[in-house]
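Letter by letter, the chains look like this.
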Protein chains: 2
Amino acid sequence: MPSQDQTLDRLCIDTIRTLSMDAVQAANSGHPGTPMALAPLAYVIFTRHLKHNPADPAWADRDRFILSAGHASMLLYSMLYLTGYGLTLDDIRNFRQWESPTPGHPEYGLTRGVETTTGPLGQGFANGVGMAMAEAHLAARYNRPGHQVIDHYVYAICSDGDLMEGVAAEAASLAGHLKLGKLIYFWDDNRITIEGSTELAFTEDVARRFDAYGWHTHTVEDGNDLEAIDAAIRAAQADPRPSMITVRTVIGYGSPNRAGSEKAHGEPLGEDEIRLTKEALGWPSREPFFVPDQALAHMRASGERGAELQAEWERRMGAFRAAHGDAAAQLDQALSRTLPEGWDSDLPTWSRDDKPIATRAASGKALNAIARRVPWLLGGSADLAGSNNTNIDGGGDFGADNYAGRILHFGVREHAMGSLMNGMTLHGGVRVFGGTFLIFSEYMRPPVRLAALMEQPTIYVYTHDSVGLGEDGPTHQPVEQLPSLRAIPGLIDLRPADANETVEAWRFAMQHTEGPVFLSLTRQALPILDRDGLAPAAGLRRGAYVLADAEGGEPQVILIATGSEVSVALQAREQLAAEGIRARVVSLPSWALFSRESREYRDQVLPPAVRARVSIEAAHPMGWHRWVGSEGEVIGISRFGASAPAKRVFQELGLSADNVTAKAKALLGLGDGQAEHGRAAAGPAAHGTDEKSA
Amino acid sequence: MPSQDQTLDRLCIDTIRTLSMDAVQAANSGHPGTPMALAPLAYVIFTRHLKHNPADPAWADRDRFILSAGHASMLLYSMLYLTGYGLTLDDIRNFRQWESPTPGHPEYGLTRGVETTTGPLGQGFANGVGMAMAEAHLAARYNRPGHQVIDHYVYAICSDGDLMEGVAAEAASLAGHLKLGKLIYFWDDNRITIEGSTELAFTEDVARRFDAYGWHTHTVEDGNDLEAIDAAIRAAQADPRPSMITVRTVIGYGSPNRAGSEKAHGEPLGEDEIRLTKEALGWPSREPFFVPDQALAHMRASGERGAELQAEWERRMGAFRAAHGDAAAQLDQALSRTLPEGWDSDLPTWSRDDKPIATRAASGKALNAIARRVPWLLGGSADLAGSNNTNIDGGGDFGADNYAGRILHFGVREHAMGSLMNGMTLHGGVRVFGGTFLIFSEYMRPPVRLAALMEQPTIYVYTHDSVGLGEDGPTHQPVEQLPSLRAIPGLIDLRPADANETVEAWRFAMQHTEGPVFLSLTRQALPILDRDGLAPAAGLRRGAYVLADAEGGEPQVILIATGSEVSVALQAREQLAAEGIRARVVSLPSWALFSRESREYRDQVLPPAVRARVSIEAAHPMGWHRWVGSEGEVIGISRFGASAPAKRVFQELGLSADNVTAKAKALLGLGDGQAEHGRAAAGPAAHGTDEKSA
């Protein structure tokens with residue numbers, strides 16, 4: 001006969017199960033089976049181990065809990081409701097409805113207690129690794145003997161799908177390498193995927209794989225065995241390696257006709273099966289959303305104990321502040337992301353007499369000028385640090401023997417890099433940048449999107465940003481990447497035209513805390529724009545600005561460019577001036593920022609009356625007609641690049657001042673649009689590179 | 001003292017090394033170190049094992065050799081030149097120059113003997129797995145007792161970077177699961193990455209990991225030990241599992257000052273170091289690009305033996321043809337991708353009386369109608385087959401116990417799916433489709449791009465193609481995916497408006513063999529457009545067509561839509577007609593195809609004189625101004641979606657006929673652009689969903 005405690009445990013667990021199936025039924029969509037299977041696991045984590053305070057979900061030293069298997073969102077919502085995060089039973093009833101805090105998949109920022117947005121598989125897994133990296137870093141930097149102010153675990157529940165995704169493999173390899181012992185992960189080994197048995201596609205030896213990564217592994221044979229789960233967690237806490245605990249479960253546990261089947265995965269059980277399941281569980285009520293008082297009281301009490309834990313930590317922080325005021329002040333600043341006074345006072349400037357410099361190189365200098373004054377800025381590259389200019393001088397390599405290091409070596413793992421950056425940023429206490437070639441942004445789109453969705457201020461340093469990278473060829477030359485990144489809502493694009501705009505891009509990036517930004521930077525050297533005769537680089541903050549206006553009257557034509565093509569446009573302006581044609585040059589480093597400006601400002605920069613407009617950008621023309629209009633001309637690249645020295649590629653693809661000039665004249669009825677000099681419009685590659693609107 | 005054979009081996013190997021360093025030096029960019037390290041391995045593979053005929057690189061049953069570490073391209077070019085693929089010494093001298101067949105990274109289609117385009121790491125690894133899947137499938141379907149007409153290996157050389165990338169992990173797990181014993185892979189274990197030692201980020205136990213996947217593993221302690229390499233290959237050939245052979249190498253082998261350092265990786269050695277290296281190797285000449293006659297003769301002779309192997313295979317094929325004429329004919333058809341007569345005669349049609357049907361469901365029916373008549377069409381899903389409607393009825397599950405199966409279970413591995421599809425398609429003998437939700441196209445962008453670059457006819461079935469998927473919420477609702485896929489040069493977008501356009505999309509896809517296509521399909525049911533009053537669905541082939549013209553005169557306004565929004569536009573047309581406003585509706589299912597049409601046809605569909613245009617698409621507005629022009633109105637979604645039932649989301653985001661009508665009237669000066677009914681323009685979400693050009 002079960003003890004009273006056991007009976008209560010069971011009642012709580014079945015509350016999670018029944019809430020989950022009822023909510024999915026009410027929404028007529030969702031995933032009931034996994035919450036039903038994992039209720040015991042979540043119960044043990046939340047009530048026996050998780051250091052959290054539902055009354056203050058922002059407590060810096062809380063344990064993090066991640067439901068990487070985000071489709072099982074009702075498991076998390078049930079826990080948040082039951083342990084007292086402020087979610088109500090009505091919110092549960094409104095599962096998956098417009099503007100409810102209980103969306104189909106957990107969304108950070110929408111629901112108190114949700115640590116990260118999950119659903120796209122593998123992301124939560126990697127986010128957790130990033131959180132553990134941040135924890136290790138802050139602990140190494142700020143803890144002092146007798147003052148353990150940062151010391152928490154990261155728990156995550158992962159599905160088969162999470163472990164099949166490559167991003168999780170990348171993150172797992174790095175976590176093992178970094179010996180992130182605070183990671184305690186659970187694999188929901190239910191042997192079921194959407195298409196059927198995991199035997200269809202997933203028969204690897206998962207534990208052995210994690211063992212190969214350097215993880216501690218452990219198996220719980222029965223996912224309903226609370227003591228076995230508890231013992232596994234204790235073993236994991238004691239082990240210095242990251243832990244992967246295999247938990248054998250039955251999807252849809254309790255459902256007489258659906259348990260153990262893929263049918264329990266992604267659709268409501270149905271009224272009849274819910275009734276049968278509640279009977280099988282010995283559930284005391286037929287009312288949907290019935291929550292036994294005892295269960296709620298027990299769970300809420302467990303949540304309330306968190307307040308004591310936090311109070312104890314506050315006392316520790318007090319002692320830390322008293323003993324190590326400077327470190328504590330820096331930690332506070334880091335946690336609140338407050339830029340220290342004078343943070344940007346070392347930023348370099350370049351003058352017209354300076355030698356041409358690649359914007360990636362200028363970025364490296366700007367970054368280092370900031371890093372010297374902002375100690376909680378850290379980052380690195382997916383094995384291209386030297387090329388991306390992302391090294392922090394004297395920052396030290398972050399590693400198992402030096403978690404205080406500020407240089408992150410992600411390895412050739414762009415996708416994990418993006419997801420780890422999200423995890424670190426969500427954790428807080430750090431500001432993170434990550435670099436790779438612009439082309440390889442393609443390997444990391446899912447986390448970039450999630451950073452935008454979560455409004456997390458990650459900074460992507462994307463170098464080698466056009467066919468201007470030259471010889472490495474079309475596999476490495478971005479073409480469609482600029483437009484496709486610009487299409488991500490909330491992601492700020494920054495493609496500076498020279499070294500000084502690059503500094504402004506970094507200045508903006510550091511001050512922008514509402515979402516991610518990316519810098520698009522050249523491999524090749526660019527001339528320093530002569531700001532004596534041109535508008536200041538600070539115009540970058542408005543997204544677009546009149547860099548050089550027409551002389552002697554209203555502009556007849558507007559030339560619009562970004563990044564490395566701005567100096568090409570300036571050249572064209574001179575060519576046109578020599579022929580008596582008045583051209584304005586607009587630098588448009590950020591479409592996102594320009595779009596946020598007032599209609600008035602936008603009309604100042606691009607006067608509606610001036611319809612003759614030519615844009616030039618070494619990227620796919622997608623989107624440019626918005627700025628250029630129906631009557632203008634878009635010079636871009638609607639084909640793949642080619643392996644050859646950069647200058648040759650630019651010339652062959654028509655990315656020349658001659659071509660801009662020719663197109664501008666044609667728009668004004670002064671020519672046929674063919675460049676007089678150079679091969680721009682004559683070579684075989686020219687086909688399709690210019691685009692007229694329909 | 002070395003034997004004569006050993007001396008000759010060494011001379012050949014050093015020829016590969018010196019050609020590689022000389023070519024990188026001449027180009028003043030590239031990667032000398034890895035070709036120098038791997039020359040012995042490539043030499044053993046090509047001269048002792050590879051079943052290939054340089055005179056006929058298209059021989060169907062050849063072994064495939066993949067240089068997944070594509071940056072080491074000079075290794076491959078050296079081998080292709082030396083074994084007689086038609087590459088000349090001048091081509092080697094022109095390494096990385098405009099239009100030379102020796103680009104920075106190997107490009108399929110540009111250079112005879114290059115089996116796939118590599119450079120983006122991990123892709124070649126996964127391509128090879130796809131090739132082995134195709135080999136296993138063709139062998140299972142066509143070989144008969146006494147007639148082994150398909151029987152070849154897939155060799156691949158992988159770098160550390162390849163093995164760090166998640167896509168390789170995904171493919172490796174599946175390869176182990178599928179027991180693809182024809183895979184013989186080599187890991188170049190040089191302990192160096194671009195940022196320095198692999199100790200910085202990559203210390204997992206690689207062999208143990210592959211063991212966990214079910215691979216055979218083996219180590220060659222010295223990458224210069226030809227007999228050890230040879231023995232390892234023989235062991236791999238004998239093992240029924242896929243094989244991963246660790247080869248310990250020294251990057252930049254032979255270079256006195258750069259060997260074993262990351263400095264040997266990605267830059268020329270320099271004239272001085274080349275001289276020192278040649279001295280250290282005992283190289284007989286100081287001339288760059290010196291090729292000893294003996295070495296060339298020996299390598300060419302090894303290549304020429306391939307002709308005998310192929311002749312022998314042709315004899316086997318002859319016997320096979322005689323004994324199994326039907327199977328042989330089908331194999332020939334498959335290899336040449338010739339659609340059998342009547343291949344499309346079972347394609348369904350829907351009439352206005354049919355119930356509304358989701359285009360994903362119509363796609364499933366079309367696909368099955370084709371699959372019944374095209375036996376070499378196969379494919380599957382990344383664990384969403386039921387939702388993507390990608391199952392071939394009665395096709396059988398492809399697996400280690402049934403390689404003849406036509407239903408591929410990729411698991412939750414979208415990235416690998418894309419790369420495996422490329423490998424299978426490159427291999428030939430199969431036409432492959434792969435499905436997932438449109439949002440998860442983000443996980444597989446690199447191989448989609450490579451399919452386009454390689455002009456491989458893969459078919460992506462992307463369902464749940466808008467916020468219309470409803471409750472799963474913003475993590476699963478695509479917004480920016482349509483424009484960002486449309487920006488990939490050469491990729492054909494197909495977003496059919498109803499079931500009949502979906503059939504046309506499949507008809508087009510099967511006939512389009514010059515590159516990849518994707519189908520963007522709804523989760524939600526769409527009405528069958530009444531073709532009695534509308535233009536036929538075959539208009540899809542031209543990308544856009546006038547679906548319903550204005551009645552009673554020239555159109556005053558053009559409504560342009562794709563996919564699920566076409567019926568919304570038709571509704572708006574009726575609303576406008578009721579108010580006496582003449583509107584034309586254009587269905588624009590494919591931007592790529594419409595862009596390829598003549599200016600004349602495009603002007604017929606979108607007459608330049610009609611400037612009042614409204615587009616509606618449940619996607620990010622990026623790119624729409626090209627069709628809508630400066631004076632039109634773009635209705636799209638420039639924010640993330642939300643979790644709620646689909647109808648509610650559409651309404652909240654302004655994707656309604658009322659909104660289209662209101663915007664159309666406003667353009668004609670007949671209203672303020674606010675929908676009179678519904679919440680379209682009033683709700684909080686409406687902000688930012690409509691976009692005017694600058």
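Residues numbered from 1 in each chain as written. Chains lettered and ligands numbered in written order. Predicted model: local features only at pLDDT ≥ 70, side-chain atom pairs only at ≥ 80, totals over all residues. Heavy atoms only, no water.

Of regular secondary structure, chain A possesses 24 helices and 21 strands. Considering only C-alpha atoms, chain A reaches an extent of 100 × 60 × 45 Å along its principal axes. In chain A, buried positions account for 68% of the 694 residues. The long-range fraction of contacts in chain A, counting pairs at least 24 apart against all pairs at least 6 apart in sequence, stands at 77%. A total of about 21,200 Å² of accessible surface is found on chain A, and carbon and sulfur atoms cover 46% of it. Considering chain A, the positive charge centre built from 64 side chains and the negative charge centre built from 86 side chains are found 3 Å apart. (Helix = DSSP H or I, 4+ residues; strand = E, 2+ residues; numbered from the N terminus. Buried < 20%, exposed > 50% of the residue type's maximum accessible area, 1.4 Å probe, protein only. Contact = heavy atoms within 4.5 Å. Areas by Shrake-Rupley, 256 points an atom, 1.4 Å probe, with all protein chains shown as cover. Lys, Arg positive; Asp, Glu negative; His and termini not counted. Charge placed at Lys NZ, Arg CZ, Asp CG, Glu CD.)

Residues and elements named next belong to chain A. Here helix α10 (residues 271-281) has its buried residues at E273, I274, T277, K278 and L281. For α10, the angular spread of buried residues about the axis comes to 135 degrees, placing them on one side. Pointing more than 90 degrees away from the buried face of α10 are the exposed residues E271, D272 and A280. Structurally, α10 contributes buried residues whose contacts are with α1 (4-27) and α2 (33-49). Just downstream of α10 lies G282, where phi reads positive at about 70 degrees. (Arc of directions from axis to C-beta.)

Moving on, we come to the side chain of A:Q25. In this structure, A:Q25 sits in helix α1. For A:Q25, a relative accessible area of 17% corresponds to the buried category.

This brings us to the packing of helix α5 (residues 123-142) of chain A against helix α15 (residues 414-427) of chain A. Residues and elements named next belong to chain A. Two elements in contact, α5 and α15, have axes whose closest approach is 6 Å; the angle formed by their N-to-C orientations is 55 degrees. The orientation of α5 relative to α15 falls into the category oblique. Considering how the two elements wind past one another, α5 and α15 form a crossing that is right-handed. Note on element contacts: α15 touches α5 through H415, S419, L420, N422, G423, M424, L426 and H427, opposite Q123, A126, N127, V129, G130, M131, M133, A134, E135 and L138. When grouped by side-chain class, the residues that make up the contact of α5 with α15 number nine nonpolar, eight polar and one charged. (Axes fitted to C-alpha atoms, helices over the stretch in contact; angles between N-to-C directions. Parallel < 35°, antiparallel > 145°, perpendicular 65-115°, else oblique. Left-handed = near helix turned anticlockwise from the far one by under 90°. Nonpolar A, V, L, I, M, F, W, Y, C, P; charged D, E, K, R; others polar.)

In this section: empty space enclosed by the protein. Under the defined criterion, the tally for this structure stands at 10 cavities of 30 Å³ or more. By volume, the largest cavity amounts to about 80 Å³. Looking at the largest cavity, the residues that line it are A:I439, A:F440, A:E442, A:Y443, A:T475, B:P120, B:P446, B:R449, B:L450 and B:L453. Of the residues assigned to the lining of the largest cavity, the class counts are seven nonpolar, one polar and two charged. (1 Å grid on protein atoms, 1.4 Å probe; cavity = no way out; pocket = protein on both sides within 12 Å on 5 of 7 lines; lining within 4 Å. Points joined across faces, edges and corners; volume = space filled by probe spheres on them.)

To continue, consider the packing of aromatic side chains. Inspection of every chain in the model, using the stated rule, returns 44 aromatic pairs over all chains. Ring centres of A:F433 and A:W506 lie 6.2 Å apart, and the angle between their planes is 85 degrees; this geometry places the pair in the edge-to-face category. Here A:W506 lies in helix α18 (residues 499-511) and A:F433 lies in strand β11 (residues 431-437), a separation of 73 residues in the sequence. With respect to class, A:F433 is no different from A:W506; both count as buried. Between B:Y77 and B:F95 the ring centres are 6.0 Å apart and the planes differ by 70 degrees, which places this aromatic pair in the edge-to-face class. (Phe/Tyr/Trp six-rings, centres within 6.5 Å; stacked < 30°, edge-to-face > 60°.)

Residues and elements named next belong to chain A. Assigned domains within chain A: domain 1 (31-85 + 104-250 + 298-306), domain 2 (357-526) and domain 3 (543-692). For domain 1 and domain 2, the distance between their C-alpha centroids amounts to 28 Å. Counting from both sides, the interface comprises 30 residues of domain 1 and, opposite them, 32 residues of domain 2. For the pair domain 1 and domain 2, the summed buried area comes to about 2,600 Å², and 67% of that belongs to carbon and sulfur atoms. Interface area lost by domain 1 to domain 2 is led by M133, H137 and E170, which between them contribute 21%. If you look at where domain 1 meets domain 2, you find zero salt bridges. (Domains from an automatic or database assignment. Buried area = accessible area lost by both parts, 1.4 Å probe. Salt bridge = Lys/Arg side-chain N within 4 Å of Asp/Glu carboxyl O.)

All names here are of chain B. Spatially, six strands are ordered β10-β9-β11-β12-β14-β13 in an open sheet, and the strand pairing comes out parallel. What marks the edges here is a single partner per strand, and that holds for β10 (407-409) and β13 (492-494). Across this sheet, the average inter-strand angle for adjacent strands is 20 degrees, counted without regard to direction. Here helix α15 (residues 414-427) sits on the sheet and contacts β9 (377-381), β10, β11 (431-437) and β12 (459-463); the angle it forms with β11, its principal contact strand, is near 170 degrees. (Pairing = 2+ DSSP bridges.)

Superposition record for chain B on chain A: RMSD 0.0 Å, screw rotation 180 degrees, translation along axis 0.0 Å. What the superposition gives is, in effect, a two-fold axis relating one chain to the other. A share of 100% of interface residues in chain B that are also interface residues in chain A marks the association as one of identical surfaces. (Least-squares fit on C-alpha atoms with pLDDT ≥ 70 in both.)

What follows concerns the environment of B:Q604. Take B:Q604: it is sitting in helix α21 (residues 599-605). For the pair formed by B:Q604 and B:Y462, sequence separation is 142 residues and the distance between their alpha carbons is 30 Å.

To continue, consider unusual backbone geometry. Where the residue is not glycine, phi is negative for most of them; where a peptide bond is considered, it is trans in most cases. The phi angle at A:E455 is positive, at roughly 55 degrees, despite the residue not being glycine. Assignment of secondary structure puts A:E455 in the loop between α16 (445-454) and β12 (459-463). Given the relative accessible area of 52%, A:E455 is considered exposed. For B:D383, which is not a glycine, the phi torsion comes out positive at approximately 65 degrees. Checked against the element boundaries, B:D383 lands in the loop between β9 and α14 (385-388). A relative accessible area of 6% means that B:D383 is categorised as buried.

On to the environment of A:N143, then. All names here are of chain A. Examined against the element boundaries, N143 turns out to sit in the loop between α5 and β2 (154-158). Since its relative accessible area comes to 14%, N143 is described here as buried. For N143 and A327, which are 184 residues apart along the polypeptide, the C-alpha to C-alpha distance reads 8.9 Å. Looking at N143, its side chain comes within polar contact range of the main-chain nitrogen of V149, at 2.9 Å. (Polar contact = N/O pair within 3.5 Å; in protein donor to acceptor, adjacent residues only side chain to side chain.)

For the rest of this paragraph, the subject is the environment of B:G146. Counting through the fold element by element, B:G146 comes out in the loop between α5 (123-142) and β2 (154-158). In the structure, B:G146 is positioned 225 residues away from B:A371 in sequence and 29 Å away in space, judged by C-alpha atoms.

Across the boundary between the two partners, chain B contributes 110 residues, which contact 110 residues of chain A. Both sides of the chain B and chain A interface together cover about 9,100 Å² of buried area, and 56% of this is carbon and sulfur. At the surface where chain B touches chain A, the tally comes to 10 salt bridges. For B:R96, the salt bridge is made with A:D472, and the minimal N-O distance between the two is 2.7 Å. Linking chain B to chain A there are 54 residue pairs in polar contact (both at pLDDT 80 or more).

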